[in-house]
Amino acid sequence: MSDESRALLRVEKAGPLALVVDGGRFGVRHLGVTQGGAADWVSFRWANWLLGNALEAAALEIVLGGGLMLEVEQDATLALAGADLDARLDDRPLAPGTAFPVSAGQRLSFHQPRDGLRAYLAVPGGLATPVVLGSRSATPREQLGGHRGDGSALSGGDRLAWNPQQARVRRLPFDPAQGITLRGNRLALVPGAQVGHFTGASLYHAFNATWRIDTRADRMGIRLLGPELHCRLGSMISEGIPLGAVQVPPDGQPIVLLNDRQTIGGYPRLGALTPLASARLAQCLPGKEVGLVATSREWALVSYRRCLEAFR
Amino acid sequence: MQTRIELTAMDVLMVRLFDTIDEANMAWLLAADRALRDAFGDTLIDLVPSYTTLMLHYDCLRLTHDEALARIEAVLSRLEPADAGLGRRHEIAVWYDPSVGPELARVAEHGGLSIEEVVQRHCGRDYHVFALGFAPGYGFMGMVEEALATPRLKTPRRRVAAGSVGIADRQTAIYPLLSPGGWNIVGRTAVPLFEHARRGDPLLLPGDRVRFRAVSRAEFERQGGDATPLEAAP
């Protein structure tokens, strides 16, 4: 950390994965650089909104919890949104979807997920970390961004600096326990160009079967387990992959590609999840059952706009 | 050229220019890349060219689907191939050795060649950079001679060293940073590809040409190369 005096949080114990994220890295996909950024972009924005921050200010994405413990070094107001990872301030439980004051010396800890997978911790003014290729988001595989600028996740002893700013605390306009990306198991998908190359039976299964979230799931992609889907196109010439693309490799089990996906790839695709569905999927624990629902581009855009308007 | 514009996601369109991989595609893809960037300006979020396509992610809050389609169609209707000489030409020094190129023998055996012949032939022609992807600054190049074309490893390696030069079928590439990978590794370069990518100016860009040059271990190390051996594939 370049300026120790501005450190707000010190990592006492690292959980399985906590990363500095912002809205993502754009305008660089043609260089082979991935998007990154908050996987549940909706909860991430709510965390910033609760403090009156810019909606894409850098915050922490905490996956699973798993004993992550942060020591507070300065008095401040923080906010938490997204998954319920059994967060506690010293021994006091913290409800997700709220802003709360902290004092120097207190400890903030995260434990087992009770609902959802990823929690977002925002600080007033956002985390002050290096901007790499236009974003503060950490992408570990690419060694870019994050609190050290090299893509690393938090580890014991790390300190997180901030741009201190007075918090303008707000309350969520909905019941935080009903966080919009945590509820429901239907994932809206806009069918794409190769959808017609899947067999009739596969198309029926794709949109009627129950899909189970595999343990092979990370910020790059999430595998869905269920009936085997067959596409008449074997593999294709590699081409760009959008967020939420549902690709089907030869084993017939779909993989949904998320924020840290590779930039190009060559498996046929059913289409791509809507931005809202991608965020919802990012909150699904392995074993959860989900369904794919075909939707139109027009309807996807209407729901997207509606979601963005809620932050006003 | 039978172009198609396909819906790929809510706010993403695929501009499909070709159906096969061909060096002659590059002049058109480069021209389309430039013209689309100009036509979309700051409503463009990302443009990802690949071998036969350009994936266009536009700002759907500022541009309607129909407006995006109209802009693409206007670009395609007056597209002229770019000057093939616009790309840069790079000469990249490679230390070919079994310790850092554990598949040299596999590639040789597959093509019925000696290791020396593999090196000579890999250095014997210019390669076009067709696309960037997989990792920051990773350029997919081709085409290698038929005799060098060797299928990917059955089980990808978990760790391929930065600078590793690989062959997969008729493609060749350099790994900019330590990453998993299933290509046949034949050597290593000291050129800091990832440092370029990290600054946002990747050394290799689509349309560029690359010629490999074999160097000794001493020269490789003088250039700052890391000679740590790469384990043979399991």
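Note that this is a predicted model, so its numbers are computed, not measured. (Residues numbered from 1 in each chain as written. Chains lettered and ligands numbered in written order. Predicted model: local features only at pLDDT ≥ 70, side-chain atom pairs only at ≥ 80, totals over all residues. Heavy atoms only, no water.)

Leu270(A), Leu273(A), Leu281(A), Leu36(B) and Phe40(B) are the most contacted members of the largest nonpolar core, which totals 108 residues. Counting residues per element, this core draws most heavily on helix H1 (residues 25–40) of chain B, which supplies seven residues. Excluding anything up to four places from it in sequence, Phe40(B) contacts Leu56(B), Tyr58(B), Leu63(B), Ala68(B), Arg71(B) and Ile72(B). (Core = buried A, V, L, I, M, F, W, Y, C linked by side-chain atoms within 4.5 Å. Buried < 20%, exposed > 50% of the residue type's maximum accessible area, 1.4 Å probe, protein only. Helix = DSSP H or I, 4+ residues; strand = E, 2+ residues; numbered from the N terminus. Contact = heavy atoms within 4.5 Å.)

As a further point, take unusual backbone geometry. Cis rather than trans, the peptide bond between Gly142(B) and Met143(B) has omega equal to -5°. Residues other than glycine seldom take positive phi values, yet Asp90(A) does so here, at roughly 50°. On the secondary structure map, Asp90(A) appears in the loop between strand E6 (88–89) and strand E7 (92–93). A positive phi angle, close to 50°, is found at Asp169(B), a residue other than glycine. The topology assignment puts Asp169(B) in the loop between strand E9 (164–168) and strand E10 (171–174).

Residue and element names in this part refer to chain A. Across the nine residues of strand E5 (residues 76–84), eight count as buried, placing the element largely inside the fold. In this sheet, strand E10 (residues 115–122) lies alongside E5 in antiparallel orientation, the contact comprising five bridges. Across the sheet, Ala 79 pairs through a bridge with Ala 122, a residue of E10. (Pairing = 2+ DSSP bridges.)

Further remarks concern the confidence of the model for chain B. For chain B, per-residue confidence averages 94 on the pLDDT scale, and 99% of positions sit at 70 or higher. For this predicted complex, the interface confidence reaches an ipTM of 0.95, while the overall pTM sits at 0.94. (pLDDT = per-residue confidence, 0-100.)

This part covers the environment of Asp169(B). All names here are of chain B. Note on Asp 169: relative accessible area 37%, which makes it partly exposed. In the structure, Asp 169 is positioned 137 residues away from Ala 32 in sequence and 28 Å away in space, judged by C-alpha atoms. Ignoring any residue separated from it by four or fewer positions in sequence, one finds Asp 169 in contact with Val 144, Leu 148, Ala 149, Thr 150, Pro 151 and Arg 152.

The subject of this paragraph is the sheet that holds strand E2 (residues 12–16) of chain B. Residue and element names in this part refer to chain B. Taken in spatial order, the four strands of this open sheet run E1-E2-E4-E3, and their pairing is antiparallel. Bordering the open sheet on either side are strand E1 (4–9) and strand E3 (44–49), each of which pairs with just one other strand. Taken over all neighbouring pairs, the strand axes of this sheet differ in orientation by 20° on average, direction set aside. Where E3 and strand E4 (residues 53–58) come together, five bridges link them in antiparallel fashion. Paired with Val 48 across the strands is Met 55, a residue of E4. Across the sheet, helix H2 (residues 65–77) is in contact with E1, E2 and E4; its angle to E2 comes to roughly 20°. (Axes fitted to C-alpha atoms, helices over the stretch in contact; angles between N-to-C directions.)

With that settled, consider the UniProt feature "domain: Carboxyltransferase" (unreviewed entry) in chain A. In this numbering, the UniProt entry assigns the feature "domain: Carboxyltransferase" (unreviewed entry) to residues 30–311 of chain A. The span residues 30–311 of chain A is 13% helix and 28% strand, and its two end C-alpha atoms sit 31 Å from each other. (UniProt positions renumbered as here; feature names shortened; annotations may be inferred.)

The next thing to look at is the interface of chain B and chain A. On the chain A side, the residues contacting the 43 residues of chain B number 39 residues. Buried surface at the junction of chain B and chain A, both sides included, amounts to about 3100 Å², of which 65% is carbon and sulfur. Where Arg16(B) meets Glu239(A), a salt bridge forms, and the shortest distance between an N and an O atom there is 2.9 Å. The interface formed by chain B and chain A contains 12 residue pairs in polar contact (both at pLDDT 80 or more). Secondary-structure elements contributing two or more residues to the side of chain B that touches chain A are E1, E2, E3, E4, strand E6 (127–132) and helix H5 (193–198) of chain B. Here the side of chain B that touches chain A takes five residues from E3(B), the largest share from any one element. Class assignment of the residues belonging to the side of chain B that touches chain A gives a composition of 26 nonpolar, 10 polar and seven charged. (Buried area = accessible area lost by both parts, 1.4 Å probe. Salt bridge = Lys/Arg side-chain N within 4 Å of Asp/Glu carboxyl O. Polar contact = N/O pair within 3.5 Å; in protein donor to acceptor, adjacent residues only side chain to side chain. Nonpolar A, V, L, I, M, F, W, Y, C, P; charged D, E, K, R; others polar.)

Moving on: the packing of helix H3 (residues 104–111) of chain B against helix H4 (residues 115–122) of chain B. The description of two helices packed together rests on the angle between their axes and the distance between the axes. All names here are of chain B. Axis separation between H3 and H4 bottoms out at 9 Å; the angle between their running directions is 90°. Between H3 and H4, the crossing angle belongs to the class labelled roughly perpendicular. In this structure, H3 uses Leu 104, Ala 105, Val 107 and Ala 108 to contact H4, whose residues at the interface are Ile 115, Val 118 and Val 119. (Parallel < 35°, antiparallel > 145°, perpendicular 65-115°, else oblique.)

On to the domain arrangement of chain A. A common way to state how big an interface is: give the accessible area lost once the parts meet. Residues and elements named next belong to chain A. According to the domain assignment, chain A contains domain 1 (3–174) and domain 2 (186–309). Centre-to-centre, using C-alpha coordinates, domain 1 lies 27 Å away from domain 2. Between domain 1 and domain 2, the residue contacts involve 29 residues of the former and 20 residues of the latter. For the pairing of domain 1 and domain 2, the buried interface totals around 1800 Å² over both sides, and the portion due to carbon and sulfur atoms is 53%. The interface formed by domain 1 and domain 2 contains one salt bridge. Among the salt bridges present, the one from Arg 219 reaches Glu 61, with a minimum N-O distance of 2.7 Å. (Domains from an automatic or database assignment.)

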